Amino acid sequence: MKRTPLVAGNWKMNGGQSLVASMATALAEYQGVADVVVCPPFPYLASAREQLPAAIGLGAQNVSDQAEGAFTGEVAASMLAEAGCGYVIIGHSERRALYAESDAQIADKFAQVQAAGLIPVLCVGETLAEREAGNTDAVVCGQLQAVVDAVGVAAFARAVVAYEPVWAIGTGEEASPEIAQEVHAALKRAARKEIDTVALRVLYGGSVNADNANALMRMPDVDGVLVGGASLEALGFRQLCAQVAGSV
Ligand code: 13P
């Protein structure tokens, strides 16, 4: 059964107050069935919460793996909750690759996010070399399993997983709907191996736009999309949300 679709816009280190304002205007009358979450950089979270309609979710792009204390420059999950976030992206491939985040750290972040009452959006994905070596399922299921081992699979009833193949991020070459379906099904099988009651929502991310979202959403195990570049223009993002909402 298809779950309520989710569209999350990850601004990465882009945007500013003017994008917050134009996004709030563009989404003011959004009434689609898809859940929509906007994830601006930390400094804009509070004003985004003030300006966005209450029905639009707010997410952060990162979080500390610690609860509080002497960790200069870090941001705790409880602070994100106070700023009005409902979601936190963790384990994005840019953080894994550029900031050397380990599976263990990502598992700690996952636990911190849930302890603050927020929903982690756990990103997994293979590189092109890993895909070409036939290791896609092993890599993505391994990234999932590392968190399952730390927090237990039942925790995934309050989490979202995003499959973001590294080779598809920012390249304009999205995974085919069939590839996305295959990997999403593998992730769900892996999660269900231990407990079959997990209603896991798996998003696809990597060069999603208003033109390709529909075909991806037609796949039975694609429950939504995590959008980078195409979430940086407010009207285009609203159109994408409408496409996804119209796919159910
Ligand atoms: P693009 O949509 O720009 O390819 O980025 C995807 C992504 O990394 C979202 O988290």
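Residues numbered from 1 in each chain as written. Predicted model: local features only at pLDDT ≥ 70, side-chain atom pairs only at ≥ 80, totals over all residues. Heavy atoms only, no water.

Phi angles above zero are rare outside glycine, and A100 is one such case at about 55 degrees. One non-glycine residue, S207, lies in the positive phi region at around 60 degrees. Turning to its location among the elements, S207 is positioned in the loop between strand 7 (201-205) and helix 9 (213-217). (Helix = DSSP H or I, 4+ residues; strand = E, 2+ residues; numbered from the N terminus.)

Counting residues in hydrophobic clusters, the biggest one holds 69 residues, and the most contacted among them are F156 and L187. Core analysis: the second largest hydrophobic core is formed by 12 residues, V37, Y87, I89 and A162 among them. (Core = buried A, V, L, I, M, F, W, Y, C linked by side-chain atoms within 4.5 Å. Buried < 20%, exposed > 50% of the residue type's maximum accessible area, 1.4 Å probe, protein only.)

So, on to the sheet that holds strand 3 (residues 57-60). Backbone hydrogen bonds hold the strands of a sheet together, and the pairing may be parallel or antiparallel. Ordered in space as 1-2-3-4-5-6-7-8, the eight strands form a closed barrel in which the pairing is parallel. Between one strand axis and the next, the sheet turns through 25 degrees on average, direction left out of account. Helix-sheet contacts for helix 7 (residues 136-151) involve strand 5 (119-124) and strand 6 (160-163), and the interaxial angle to strand 5 is about 150 degrees. (Pairing = 2+ DSSP bridges. Axes fitted to C-alpha atoms, helices over the stretch in contact; angles between N-to-C directions. Contact = heavy atoms within 4.5 Å.)

Take the site of the ligand next. Around the ligand sit 13 residues in total, of which K12, H92, G170, S207 and G229 are the nearest. G228 places a polar main-chain atom, nitrogen or oxygen, 2.9 Å from an oxygen atom of the ligand. (Near = heavy atom within 4 Å. Polar contact = N/O pair within 3.5 Å; in protein donor to acceptor, adjacent residues only side chain to side chain.)

Right, let's talk about helix 10 (residues 234-245) for a bit. Compared with an ideal rise of 1.5 Å per residue, which puts 12 residues at 16 Å, helix 10 spans 16 Å between its outermost C-alpha atoms and is within 8% of the ideal. Residues of helix 10 that are buried: A234, F237, L240, C241, V244 and A245. Summarising the axial view, the buried residues of helix 10 lie within an arc of 140 degrees, below the 170-degree limit, and thus occupy one face. Turning to helix 10, the residues buried within the fold contact strand 1 (6-10), helix 1 (17-27), strand 2 (35-39), helix 9 and strand 8 (224-227). The opening residue of helix 10 is E233, an N-cap whose side-chain oxygen sits 3.4 Å from the backbone nitrogen of L235. (Expected span 1.5 Å × (residues − 1). Arc of directions from axis to C-beta.)

The next subject is the packing of aromatic side chains. The final tally for this structure, using the stated rule, is two aromatic pairs. Plain terms: the ring middles of F110 and F156 are 4.9 Å apart, the flat faces sit at 35 degrees to each other, and that makes the pair tilted. One end of the pair, F110, is in helix 5 (residues 103-115); the other, F156, is in the loop between helix 7 and strand 6, with 46 residues separating them in the sequence. This pair shows no difference in class: F110 is buried, exactly as F156 is. Above the plane of the ring of Y99 lies R95, whose end atom (NZ or CZ) is 4.4 Å from the centre. (Phe/Tyr/Trp six-rings, centres within 6.5 Å; stacked < 30°, edge-to-face > 60°. Lys NZ or Arg CZ within 6 Å of the ring centre and 35° of its normal.)

With that out of the way, let us pick up helix 8 (residues 177-192). With 16 residues, helix 8 should cover 22 Å at 1.5 Å per step; its first-to-last C-alpha distance of 22 Å lies within 8% of that length. Buried residues in helix 8 make contact with strand 5, helix 6 (128-132), helix 7, strand 6, strand 7 and helix 9.

So, on to the environment of A55. Following the sequence through the fold, A55 ends up in the loop between helix 2 (45-51) and strand 3. Along the chain, A55 and Y30 lie 25 residues apart, while their C-alpha atoms are 8.9 Å from each other.

The subject of this paragraph is the side chain of T136. Examined against the element boundaries, T136 turns out to sit in helix 7. Residue class for T136 comes out buried when judged on its relative accessible area of 8%. Beyond its immediate chain neighbours, meaning those up to four positions away, T136 contacts E126, E130, R131, Y163 and V183.

It is worth spelling out the side chain of H184 at this point. Summarising the element assignment, H184 is placed in helix 8. Residue H184 is classed as buried on the basis of its relative accessible area of 0%. The contact partners of H184, leaving out residues within four places of it in the chain, are Y163, V202, L203, Y204, D221 and V222.

Looking now at the packing of helix 7 against helix 8. The interhelical angle for the contact between helix 7 and helix 8, taken along N-to-C directions, is 45 degrees, at an axis separation of 10 Å. By the angle class used here, helix 7 and helix 8 are oblique. Viewed along their axes, helix 7 and helix 8 form a crossing whose handedness is right-handed. Counting all contacts with helix 7, which are made through T136, D137, V140, C141 and L144, the residues of helix 8 involved are V183, A186, L187, A190 and A191. Here the residues of the contact of helix 7 with helix 8 sort into eight nonpolar, one polar and one charged. (Parallel < 35°, antiparallel > 145°, perpendicular 65-115°, else oblique. Left-handed = near helix turned anticlockwise from the far one by under 90°. Nonpolar A, V, L, I, M, F, W, Y, C, P; charged D, E, K, R; others polar.)

The full count for this structure, using the stated rule, is eight salt bridges. Residues D35 and R201 are paired through a salt bridge, measuring 3.2 Å at the closest nitrogen-oxygen approach. Taken together, the residues D35 in strand 2 and R201 in strand 7 connect sequence positions 166 residues apart. Residue E101 pairs with K109 through a salt bridge whose shortest N-O separation is 2.7 Å. (Salt bridge = Lys/Arg side-chain N within 4 Å of Asp/Glu carboxyl O.)

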